[in-house]
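# Chain and residue survey
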Amino acid sequence: MTLTGGSRLVDGYALVIFDLDGVIYLVDQPIPGAIEAVRQLHAEERAVAYATNNASRQSSEVADLLTGMGIAARPEEVLTSAAATAQLLRERHPAGTQVLVVGAEALRAEIRAVGLTPVERAEDEPVAVVQGYGPQVGWADLAEATAAIRGGATWVATNTDRTLPSKRGPLPGNGALVAAVRIALGRDPDLIVGKPAPELFVAASRRASGGRALVVGDRLDTDIEGAVRAGLDSLLVLTGVSDVAELLAAAPEHRPTFVSVDLAGLFESAAVVRVPGPAEADGWSAVVRDGRLELSGAGRPLDALPALCAAAWSSARSSPVRAVSSAAERALATFGLLPG
């Protein structure tokens, strides 16, 4: 159901924590309405923070990127998995410790910034291997990481995002590169720092000055799970990776508090819904019957999501979706839930 009484979602929170790729921008291009949404938060003097799994840029570079897009941002507002990983390693090892870095130059810079020494070869006998996304990472890099880990180095992944958004659709992310090393070694990383681990969100939420923080993300398996694990409310926007089909099939740890098509949901009560809602409300009715999730009734497509989530999440398994009315068919088509 939509928020009642014309209340705005943003008014219930002291801090809004944004994911970046798929929420604020796609690759390096702003998502329509995103700049305006953050500017409105600034105009209302509301606190914002940015938490990203992307380890290919430093916090200062992300702040510069946002500022260049028209969003005034400070490096201290940006929390990256690269910086968090470097800080964690520095807490565990003395200055000068050698760390094999697989990833972009930004990750190496973060390692240097905390006093550790980045290296590139297993023969350097690093005590740890840090693996983050970098567009130039290749087989030779993964081979050095594999050899070093097999030789006893601690294996730390900045994140395990399976994909990253692009104009051509989802492309392999750091999780895909980590998977290659996982297969070669037959085991998982010793530590994963970025989302869905809660540390980035917990660190950001400390800036809420005793109030509540809201996480805004586009991925159920990183942003939303990270918010759940951090004990924070979350808003899923449908501008990035996760879609409604994935939402309906979501496990409990991947379920958001709210859903909106885009960031307008922060300010417009009619543009956001809380999920799940009653299985029968706002003109819609959803039920699982004979192994199918059925939607009937009529109304705004967005208002069908709380009922669909209620029925789907009460089922023990994922169910195909079927429309029982012409309005339901149009609503399901809006969210890409009907066969092409």
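Residues numbered from 1 in each chain as written. Predicted model: local features only at pLDDT ≥ 70, side-chain atom pairs only at ≥ 80, totals over all residues. Heavy atoms only, no water.

## Things to note about the nonpolar core
- Judged by nonpolar contacts, the single largest core of 34 residues is most densely connected at F18, I24, Y50, V216, L263 and L266.
- Listed by contribution, the elements that provide at least two residues to this core are β1 (15-18), α1 (34-43), β4 (47-52), α2 (59-69), β13 (213-217) and β14 (233-237).
- Ignoring sequence-local partners within four residues, the contact set of L266 consists of R8, L9, V10, F18, L41, L214, V216 and L235.
- Ranked by size, the runner-up nonpolar core spans 30 residues in total, among them V244, A250, A304 and L337. (Core = buried A, V, L, I, M, F, W, Y, C linked by side-chain atoms within 4.5 Å. Buried < 20%, exposed > 50% of the residue type's maximum accessible area, 1.4 Å probe, protein only. Helix = DSSP H or I, 4+ residues; strand = E, 2+ residues; numbered from the N terminus. Contact = heavy atoms within 4.5 Å.)

## Observations concerning the packing of aromatic side chains
- Per the counting criterion, the structure on display carries 1 aromatic pair.
- Ring centres of F18 and Y50 lie 6.0 Å apart, and the angle between their planes is 25 degrees; this geometry places the pair in the stacked category. Highlighted residues: F18 in strand β1 and Y50 in strand β4, separated in sequence by 32 residues.
- Classification of F18 as buried rests on a relative accessible area of 0%.
- A residue is classified by how much of its surface remains accessible, and Y50, at 0% relative accessible area, is buried. (Phe/Tyr/Trp six-rings, centres within 6.5 Å; stacked < 30°, edge-to-face > 60°.)

## Looking at unusual backbone geometry
- Residue P196 follows K195 across a cis peptide bond; omega there is 15 degrees.
- Within the secondary structure layout, P196 lies in the loop between β12 (191-192) and α7 (199-205).
- Cis peptide bonds are those with omega within 30 degrees of zero, and the linkage from V275 to P276 qualifies with -10 degrees.
- Positive phi, close to 55 degrees, is recorded for E125, a residue that is not glycine.
- With respect to the helices and strands, the residue E125 is situated in the loop between β7 (117-119) and β8 (128-131).
- Residue classification places E125 among the exposed residues on the basis of a relative accessible area of 66%.
- Not every positive phi belongs to a glycine, and D290 is a case in point at roughly 55 degrees.
- For D290, the location among the structural elements is in the loop between β18 (284-289) and β19 (292-297).
- Accessibility expressed as a relative area gives 77% for D290, which makes it exposed.

## Quick notes on the pattern of salt bridges
- For the structure shown, the criterion picks out 19 salt bridges.
- Residue R229 is joined to E225 by a salt bridge in which the shortest nitrogen-to-oxygen separation is 3.6 Å. Within this pair, R229 and its partner E225 are both found in helix α8 (residues 220-230), separated by 4 residues, close to a single helical turn.
- On the basis of relative accessible area, R229 is assigned to the partly exposed category, the value being 48%.
- One salt-bridge network, in which partners are shared between bridges, spans R8, D11, E44 and R46. (Salt bridge = Lys/Arg side-chain N within 4 Å of Asp/Glu carboxyl O.)

## Structural notes on the pairing of strand β6 (residues 98-102)
- Among the 5 residues of β6, 4 are classified as buried, and the element is accordingly described as predominantly covered.
- Judged from the 3 bridges that link them, β6 and β7 form a sheet pairing that is parallel. Opposite L100, over in β7, you have V119 as the bridge partner.
- In this fold, the crossover linking β6 to β7 by way of helix α4 (residues 105-113) has right-handed handedness.
- Note that β6 and β8 share 4 bridges and pair parallel. Bridge pairing in β8 links V99 to A128. (Pairing = 2+ DSSP bridges. Right-handed = clockwise from strand over helix to strand, strands pointing away.)

## Here we look at the sheet that holds β13
- Strand order in the open sheet formed by 7 strands is β5-β4-β1-β13-β14-β15-β16, and the pairing between neighbours is mixed. Strands at the two margins of the open sheet, each flanked by one partner only, are β5 (78-80) and β16 (272-274). Between one strand and the next, the sheet's axes are offset by a mean angle of 25 degrees, whatever the strand orientation.
- Both β1 and β13 contribute to a ladder of 4 bridges, which runs parallel. If you follow L15 over to β13, its bridge partner there is A213. (Axes fitted to C-alpha atoms, helices over the stretch in contact; angles between N-to-C directions.)

## Some words on the pairing of β1
- What you see with β1 is no split at all: L15 and I17 on one side and V16 and F18 on the other are buried throughout.
- Where β1 lies against β4, 4 bridges are found, and the strand directions are parallel. In the strand pairing of β4, V16 is matched with V48.

## Concerning the environment of I183
- One can find I183 in helix α6 (residues 174-185).
- A residue is classified by how much of its surface remains accessible, and I183, at 69% relative accessible area, is exposed.
- Along the sequence, I183 and L66 sit 117 residues apart, while their C-alpha atoms lie 37 Å from each other.

## Quick notes on the environment of D190
- Turning to its location among the elements, D190 is positioned in the loop between α6 and β12.
- D190 gets classed as partly exposed once you look at its relative accessible area, which sits at 44%.
- As for D190 and A128, which are separated by 62 residues in sequence, their C-alpha atoms are 10.0 Å apart.
- Look past the residues within four positions of D190 in its chain and what remains in contact with it is A153, T154 and W155.
- In terms of polar contacts, D190 uses its side chain to reach the backbone amide nitrogen of W155, at 2.7 Å.
- A polar contact is formed between the side chain of D190 and the side chain of R187, at a distance of 3.2 Å. (Polar contact = N/O pair within 3.5 Å; in protein donor to acceptor, adjacent residues only side chain to side chain.)

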